[in-house]
Every structure is written in C-alpha cells, then in structure tokens.
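In case you want the letters, here they are:
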Amino acid sequence: MLKVNEIFYSIQGESSYAGLPCVFIRLTYCNLRCTYCDTEYSFYEGTDMTIDEIISIVKKYNCNLVEVTGGEPLVQKETLNLMKKLCDEGFKVLLETSGSISIENVDKRVTIIMDLKTPSSKMMKKNLYSNIDFLKPDDEVKFVIGNREDYEWSKEIIKKYNLKDKCKILMGCVFGELSNLELATWILEDNLPVRFQMQLHKYIWETERRGV
C-alpha cells in the first residue's frame, strides 16, 4: 500500500526528457523542507492505494513514460516495488528524488533524476553523497540554482565527484529567484558541462496549478 497524492498526465517539464508526454505518480510525504519547494501540498495529502490500483490508473493514459515523484517518493518503502512492477509492465520509469535517501536498491532499469541540494535550499546537510556511487550513465543529477553562491557550490561538487564522467548533469533556476538569462550566461562563461533546463510546465500553465 502506498499513499498517493495525485496521478496525472502532462508534459514532462524537466530533465533530458523535457517536452515528452508523461504520466506522473506523485507520492505523499517528504523528509525535507526546501525553501523553494513548490509542492508543499504533497507533504500530507494523499489516498492509500495498492500498487495494482496505481498501475491500473497509469495504463488508462496509454503513455509509456512514467515518473514517480513527490514529495520524496523513497520515504515510502513500497515505492521500490512500485517501480519494479512498472518496469516489469514495460514502462520507461523515471524517479525524481532529493538524494537524501539511499538509491542503492532502486531497480537498475529506472532512470534516476537526483537533486543535490544547494545552499539556498537550507537542506544541503541532507545530501547523501554516497548515492553518487550508485548512479548510472543514464541517470541525472540536478542542481537548482537560486544565486551565485549556489552556482559556485555546484561547480565545486561537479568537479569534486567527477560528475561529468558519471551521469548527466542538469542545472536550472529557482523559479522567480534567478533569471534564466543570468544562469545561462554563467554556464556559457565557464563552459560548464551541464544541460540548462527550465520548468516548462510553469511556462505552459499557471505557476501554482496542480496536476501539470
């Protein structure tokens, strides 16, 4: 049994899969409280569902790409079984995780999109850096940048852990805190080996709208 906040069909807004139709399974609960969180409603709201019930709803959308997100989906231990079952059913599965809980036992068929929390999140102490050892070349590490300090810190982490040779690297702005132009300029000036991204769903729909 899992507590599910919402299941919806939308355009993937982030990651290297941005722009593709995707079914999102947003699970309830989170062990972090980032300053820039835009899904606080997922901390507590939810409905108890079985894995079979969840997959039955996902199948109705006739979409092969599925993202398991939150909150923090790995707070619920049954999430591992949900992702395994989705993979067994032939879905391409993405996991959006904060990186504060071990990813060691995540099914290797799942593409992991893992945050490393920057200083402005106020959750940097929760980063579980040992997770980097379990990343696959097709996985992605995401840095959310709110200011120059975040950017410089992220550059140091990329170098320290040699991330460019381990996985894909994503970098985007805290929405409304830093301009896309400013971050893009910094990346180009430093020739940084990252994929710049924007939260597409916030440009397509209202920024506070749920289920997109």
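The coordinates are above.
Residues numbered from 1 in each chain as written. Predicted model: local features only at pLDDT ≥ 70, side-chain atom pairs only at ≥ 80, totals over all residues. Heavy atoms only, no water.

**Q** Could you clarify how one ought to interpret the pairing of strand β1 (residues 2-11) in this entry?
**A** Walk down a regular strand and you will see the side chains alternate between the two sheet faces. Across the 10 residues that make up β1, a large majority, eight, are buried. As paired elements, β1 and strand β3 (residues 47-49) share three bridges and run antiparallel to each other. Bridging across to β3, L2 finds its partner in M49. Sheet topology places β1 next to strand β2 (residues 21-27); seven bridges connect them, and they run antiparallel. Within β2, the residue paired with E6 across the bridge is R26. (Buried < 20%, exposed > 50% of the residue type's maximum accessible area, 1.4 Å probe, protein only. Helix = DSSP H or I, 4+ residues; strand = E, 2+ residues; numbered from the N terminus. Pairing = 2+ DSSP bridges.)

**Q** Can you walk me through a nonpolar patch on the surface in this structure?
**A** There is a patch of nonpolar side chains on the surface, built from F175, M198 and Y203 and spanning about 280 Å² of accessible area. Relative to the helices and strands, F175 is located in the loop between β8 (168-173) and α4 (180-190). (Patch = residues over 30% accessible without salt bridge, like charges linked within 9 Å, V, L, I, M, F, W, Y side chains within 5 Å. Areas by Shrake-Rupley, 256 points an atom, 1.4 Å probe, with all protein chains shown as cover. Salt bridge = Lys/Arg side-chain N within 4 Å of Asp/Glu carboxyl O.)

**Q** How should the packing of helix α3 (residues 148-160) against α4 be read in this particular structure?
**A** For any two helices packed against each other, the geometry is given by the interaxial angle and the distance between the axes. At a closest axis distance of 11 Å, the pairing of α3 and α4 adopts a crossing angle of 35°. Crossing geometry of α3 relative to α4 is assigned as right-handed. Contacts between α3 and α4 pair R148, Y151 and K155 from the former with L183, W186, I187 and D190 from the latter. Across the contact of α3 with α4, the residue classes break down as four nonpolar, no polar and three charged. (Axes fitted to C-alpha atoms, helices over the stretch in contact; angles between N-to-C directions. Left-handed = near helix turned anticlockwise from the far one by under 90°. Contact = heavy atoms within 4.5 Å. Nonpolar A, V, L, I, M, F, W, Y, C, P; charged D, E, K, R; others polar.)

**Q** Which parts of the structure should I look at to understand the pattern of salt bridges?
**A** Working definition: two side chains of opposite charge can pair if their charged atoms are close together. Tallied over the entire structure, the rule returns 18 salt bridges. Across the pair D52 and K85 runs a salt bridge, and its minimum N-O distance is 2.9 Å. Here the residue D52 occupies a position in helix α1 (residues 51-59), and K85 occupies one in helix α2 (residues 79-88), the gap between them amounting to 33 residues. Its relative accessible area of 51% is what places D52 among the exposed residues. Bridged by salt links that share partners, the residues E14, E96, D115, K117 and K142 form one connected network.

**Q** Looking at this structure, I do not really get the packing of aromatic side chains. What am I missing?
**A** One pair of aromatic rings is described through two measures. These are the centre distance and the angle between the planes. Tallying each qualifying case throughout the model produces six aromatic pairs. When the centroid spacing of 5.5 Å and the interplanar angle of 25° are considered together, the rings of Y9 and Y61 count as stacked. Taken together, the residues span a long stretch of sequence, with Y9 in strand β1 and Y61 in the loop between α1 and β4 (65-69) at a distance of 52 residues. Plain terms: the ring middles of F143 and W153 are 6.2 Å apart, the flat faces sit at 70° to each other, and that makes the pair edge-to-face. Highlighted residues: F143 in strand β7 (residues 140-145) and W153 in helix α3, separated in sequence by 10 residues. Relative accessible area serves as the criterion here: at 12%, W153 is assigned to the buried category. Seen from the ring of W186, R148 lies directly overhead, with NZ or CZ sitting 4.7 Å from the centre. (Phe/Tyr/Trp six-rings, centres within 6.5 Å; stacked < 30°, edge-to-face > 60°. Lys NZ or Arg CZ within 6 Å of the ring centre and 35° of its normal.)

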